[in-house]
Amino acid sequence: MSNTARANILARLREPQRPECGFSERDYLSRYDWDTAERVKRFTERMVAVRAEVHHTTADTWLDVVSQVCAAKGLNNLLVSPATVLGKQIHAQADRFPALKTYDQPIENWKQELFYGVDAAFTGTTGGIAETGTLIVMPSADEPRLMSLVPPVHIAVLEVDKLYTTFAEAVQVQGWVQAGMPTNALLISGPSKSADIEQTLAYGVHGPKELVVVLVE
Amino acid sequence: MITQFRQTVRANLAKPEVRANFYRAMDGLMTRRLDQFPDKAELERLRTQSMAIRANALSKLPELLETLEANLIRNGIQVHWAETAEQGNQIVQAILERHNAKSIIKGKSMVSEEMGMNHFLETLGIECLESDLGEFIIQLDGETPSHIIMPAIHKNRIQIAKLFHEKFPDIPYTEDVDELTQMARRILRDKFYATTVGLSGVNFMVAETGTLCLVENEGNGRMSTTAPSVHIAVTGIEKVVESLSDVPPLLSILTRSATGQPITTYFNMISGPRKAGEKDGPEEVHLVLLDNGRSNIYSDPELLATLRCIRCGACINHCPVYVRIGGHSYGTVYPGPIGSILEPQKAGLDVHGELAQASTLCGACSEVCPVRIPIPSILNRLRYDGVRKDTSNTHTVGSGKRRTLSEAATWKTWAWAATHPTIYHAGSTLATRFKGMLPTNLGAWTTVRSAPKLAESTLHQQVKNLGVDHE
Amino acid sequence: MPPIPDTIYFFGTCLVDLMYPQAGVSAMQLLQRAGVKVIFPPAQTCCGQPAWNSGYRDEARSVARAQIALFPKPIPIVIPSGSCAGMMKVHYPELFAGQPDEAQAVDVASRVYELTEFLVDVLHIELRDLGEPLTVAVHTSCSARREMGVADKIESLLGQLSNVQRVEHARKPECCGFGGTFAVKEPEISAAMVLDKVTHIRNAQPDRLISQDCGCLLNISGTMAKQGDAIPHQHIAEFLWERITPHPNLPPQGGKGQEAHPAQASSSPPSPLAGEGLGMGGKFGGQSS
């Protein structure tokens, strides 16, 4: 059935005369000229506007800030990769954090715990977008897809030198097409929300109710 | 004769609460959209650019679909083609049977609505659970979406609170939006935990990279495509774009036009199932490419513009007809201006052709359309197709089926009079002279209006005193 | 800046002919006072839009063809209606695409001006208000606003009148629900739209309602009349003429139980002088207040 359908559909689409479109230029890269400070400012404004928490830190202080955030939120546990550069540092100072959990097995083996027993997850990011206040997250074997989705709190670190002005710029500068797309790539711009009831914003519908961004300068 | 459409419209116009719900929501959406485009010239530039991106993709549609398919397969995504909704449903059914699945959990998908998938699968004993909050609410009440991006917009908080209490009597009654949302979260989390097949729609398909893109705020789309071990995506064949660099401008204009957000919470780009070594994500990803009348629309160079649509709903939000009659009056999956051009083309002018008539052609829709679909022109064209005598030059389904002898004779007589000025003006003069004898009850016109008053004498008579030339 | 033409064609529209002749008379008087010679081809009937919007393209084309033949000279065609102007400017080229007389249709379309557009953009008309203080609400037709893109012209003309204050009403850009045959084919929706429009206009409490399109006026005023308390209404041409002439026409009637209607065919003869209250930018040095 499917093969016949395919042939029929494509044949029908080939039938009509198609006018030349004349569209060649793709000139929609950033027309903004924002320096780092401006990008940080814009990013922060946008993130705060959608109720994300943003912390400005340095390479020396980010770990303290993450630790303080965990304490302030009263987290019982934190899901952190033991394999990433940042994750290793947290694991190395485990006593400053709530009970550390690791995503070291396929989801099927511990789905119940992930869905009902994890308070928060900590992940890195691939970059950020200043214009829209967005994190770029490319899940991996070390930091799988559900980490930034299932726990009620998501703490993400963004290094300021990977904060781009626009989405288009990030795609181009990071060479997404050339590198090949990962199985899943995400833009995350705030905590999960809905306005389906009377246009009133409610947070934490299916994804995290809280998004904490730790900006590292 | 009062048509079914007019009967429904009458009934819905008589529900002040529903009308108030629509007004409040549409006013909010219009204001928020406007706030996103402070620079009018920039907006016009973006609309032109977005139109060009979509027009470019359509101009290469069969080639892009083949490139897309090749890249999806290379990425490990299984591609299925369906000419009709029925075929699409059967493809989904076969996948479910292979996995012995008795239920699926759905992210928001208008194409699945178009396919009537829930009904189809439920007759097979398969449970379909909607997980988008709005879709979840209307599914509880046995309704269909009244808006393509805000499916439960016709309901207010109190109605939803009562509905939740009726369906989940164990949970305490609340009218608090946060609490209602958390109730839904808990219920649906259990379902995401337990269900092995997830279904979603698609906003853009990128041919260049073999990527499926989903735009959403809640995470229902991410959950449905990530937590279950099988993900089935369904979408229309027109949703493809050529390159990844086409996506950022479309995404930006989509979210701003739709809900007045600079971007949604999640933009989810899926380019494959779980790879070796990865610990989550579905083991299988399927894409069902649905035609369902689209290739027929594609065959007409004028109507083709219909397929540029990126389903932002801005035309709906700005439509003075929609805001008054509400989404359910249309009796179709897609309501509002986009529905009024899409549905008659898909189902046929004999079935939904009246929707093309249910517009004042005011142009509020095309003024905001991010891809510049000339909706009033297409409505006009569909009116023409509906009543044309010679249907040999059009592929529109149901062409000529709306032509009636009496209406055709009326227009013929009118045209004859208007091309015989001496007689036409003698008639006008007579009408003004004997206007006292004209009826004051003009049927539909005079239900809320007085009968129009003719002047004492026509402009043609008065112009004689004006000292103007006549040629 | 386009040159100011000596002579123009005037297309009165079928609605003005039968219902609002004073709007046509006033429009021609405004044009004459500005020093423009007006040609009114007497064989004109209707632009063809009702048939066009109903899908009867052959009938629309035959009527349109008869109109096109009336405008052979290469001079502007001025129309006191955004709707009819939109038909001729935007839709004639579509209606005649591929027809043997397509070039003529395109030529006519290229010469079409909506009246307020012509007064502002071509004649650069300057107005001196001689009337009493008055508030007005403006309803701009959807075709003037979106098809012709001339919504700002009526505002700028009224803005020149020193004693006229514009009051804004809610949802001003929204359609009044007329839509030609729409009002009859979908009467329930049309009624809901016009009732809302009337409410918004009433809430603004204007002394008068002004529009550049008689279709909308017919719809809105008919609804007000049926409610029993009509706000007087006028086509912009008639209103402007009344404001700038020293012996204005009788004010429009209104009041309870009566449909407000423009003053009927007052036959004040056109002044041979170029305007007490009207000048023309550049040409006569202007008399703006």
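All of these numbers come straight from a predicted model, not from anything done at the bench. (Residues numbered from 1 in each chain as written. Chains lettered and ligands numbered in written order. Predicted model: local features only at pLDDT ≥ 70, side-chain atom pairs only at ≥ 80, totals over all residues. Heavy atoms only, no water.)

A. Structural detail: the UniProt feature "domain: LUD" (unreviewed entry) in chain A. Per the UniProt record, "domain: LUD" (unreviewed entry) is annotated on residues 41–216 of chain A. The span residues 41–216 of chain A carries 28% helix and 27% strand; its end-to-end C-alpha distance comes to 13 Å. (UniProt positions renumbered as here; feature names shortened; annotations may be inferred. Helix = DSSP H or I, 4+ residues; strand = E, 2+ residues; numbered from the N terminus.)

B. Region of interest: helix H10 (residues 177–194) of chain B. All names here are of chain B. Taking 1.5 Å of rise per residue, the 18 residues of H10 would be expected to cover 26 Å, and the 26 Å separating its terminal C-alpha atoms lies within 8% of that figure. Here H10 has its buried residues at Val177, Leu180, Thr181, Gln182, Met183, Ala184, Arg185, Ile187, Leu188, Arg189 and Phe192. At the N-terminal end of H10, a side-chain oxygen is found 2.9 Å from the backbone nitrogen of aspartate 178, two or three residues along, and the residue is aspartate 176. (Expected span 1.5 Å × (residues − 1). Buried < 20%, exposed > 50% of the residue type's maximum accessible area, 1.4 Å probe, protein only. Polar contact = N/O pair within 3.5 Å; in protein donor to acceptor, adjacent residues only side chain to side chain.)

C. Examining the interface of chain B and chain A more closely. The interface of chain B with chain A comprises 100 residues on the first partner and 75 residues on the second. At the boundary of chain B with chain A, total buried surface from both sides reaches about 7500 Å², with 57% on carbon and sulfur atoms. In this assembly, chain B and chain A are joined by eight salt bridges. Taking the shortest distance from any N to any O, the salt bridge between arginine 12 of chain A and aspartate 291 of chain B comes out at 2.8 Å. Connecting chain B to chain A are 46 residue pairs in polar contact (both at pLDDT 80 or more). Of the residues assigned to the side of chain B that touches chain A, the class counts are 42 nonpolar, 31 polar and 27 charged. As paired elements, strand S9 (residues 184–188) of chain A and strand S9 (residues 266–270) of chain B share five bridges and run antiparallel to each other. The partner of leucine 186 of chain A across the bridge, within S9 of chain B, is asparagine 268 of chain B. (Contact = heavy atoms within 4.5 Å. Buried area = accessible area lost by both parts, 1.4 Å probe. Salt bridge = Lys/Arg side-chain N within 4 Å of Asp/Glu carboxyl O. Nonpolar A, V, L, I, M, F, W, Y, C, P; charged D, E, K, R; others polar. Pairing = 2+ DSSP bridges.)

D. Representation of the nonpolar core. Ranked by internal contacts, the top residues of the largest apolar core, which has 133 residues, are Phe167 and Leu187 of chain A together with Leu65, Phe204, Phe267 and Leu287 of chain B. Sort the elements by how many residues they give to this core and helix H12 (residues 247–259) of chain B lands first, with six residues. Contact partners of phenylalanine 167 of chain A, with chain neighbours within four places excluded, come to Ile129, Trp176 and Leu187 of chain A together with Val247, Pro248, Leu251, Phe267 and Met269 of chain B. Of all hydrophobic cores here, the second largest spans 65 residues; its members include Val448 of chain B together with Tyr20, Val122 and Leu127 of chain C. (Core = buried A, V, L, I, M, F, W, Y, C linked by side-chain atoms within 4.5 Å.)

E. View of the interface of chain B and chain C. Facing 68 residues of chain B, the contacting portion of chain C comprises 74 residues. In total, about 6300 Å² of surface goes out of reach between chain B and chain C, with carbon and sulfur atoms giving 60% of it. On the chain B side of the contact with chain C, Trp411, Arg449 and Leu459 of chain B bury the most area, a combined 11% of that side's loss. At the surface where chain B touches chain C, the tally comes to nine salt bridges. Here glutamate 174 of chain C ties to arginine 324 of chain B by a salt bridge, and the two come within 2.6 Å at their closest N and O atoms. Our count for the chain B to chain C interface comes out at 32 residue pairs in polar contact (both at pLDDT 80 or more). Of the residues in the side of chain B that touches chain C, the class split is 31 nonpolar, 20 polar and 17 charged.

F. Region of the structure containing the packing of helix H5 (residues 82–95) of chain C against helix H6 (residues 102–110) of chain C. Residue and element names in this part refer to chain C. Orientation of H5 relative to H6, taken along the N-to-C sense of each, is 160 degrees, at an axis distance of 8 Å. When the axes of H5 and H6 are compared, the pair comes out roughly antiparallel. As H5 packs across H6, the resulting crossing turns out to be left-handed. Of the residues in H6, those touching H5 at Met88, Lys89, Tyr92 and Pro93 are Ala105, Val106, Val108, Ala109 and Ser110. Looking at side-chain class alone, the contact of H5 with H6 contains seven nonpolar, one polar and one charged residues. (Axes fitted to C-alpha atoms, helices over the stretch in contact; angles between N-to-C directions. Parallel < 35°, antiparallel > 145°, perpendicular 65-115°, else oblique. Left-handed = near helix turned anticlockwise from the far one by under 90°.)

G. Representation of the pattern of salt bridges within the structure. Per the counting criterion, the structure on display carries 59 salt bridges over all chains. Put simply, Arg19, Asp27 and Arg324 of chain B together with Arg171, Glu174 and Asp196 of chain C are held in one network by salt bridges that share partners.

H. Seen up close, the UniProt feature "domain: Cysteine-rich" (unreviewed entry) in chain C. Residue and element names in this part refer to chain C. Mapped onto the present numbering, the UniProt feature "domain: Cysteine-rich" (unreviewed entry) falls at residues 9–89 and 136–220. Summarising residues 9–89: 53% helix, 10% strand, and an end-to-end C-alpha distance of 14 Å. As annotated, residues 136–220 has a helix share of 52% and a strand share of 13%, and its two end C-alpha atoms lie 15 Å apart.

I. Region of interest: the domain arrangement of chain C. Residue and element names in this part refer to chain C. In terms of domains, chain C is made up of domain 1 (7–120) and domain 2 (127–256). Put simply, the middle of domain 1 and the middle of domain 2, counted by C-alpha atoms, are 22 Å apart. On the domain 2 side, the residues contacting the 28 residues of domain 1 number 28 residues. Between domain 1 and domain 2, roughly 2200 Å² of surface is buried when both sides are summed, and carbon and sulfur atoms account for 70% of that area. Between the two partners, domain 1 and domain 2, sit zero salt bridges. (Domains from an automatic or database assignment.)

J. Up close: the environment of threonine 84 of chain B. Residues and elements named next belong to chain B. Relative to the helices and strands, threonine 84 resides in the loop between strand S1 (77–82) and helix H5 (85–98). Judged by relative accessible area, which is 33%, threonine 84 ranks as partly exposed. As a C-alpha pair, threonine 84 and serine 366 span 282 residues in sequence and 29 Å in three-dimensional space. Here threonine 84 is in contact with Leu290 and Asn292, once residues within four sequence places are set aside.

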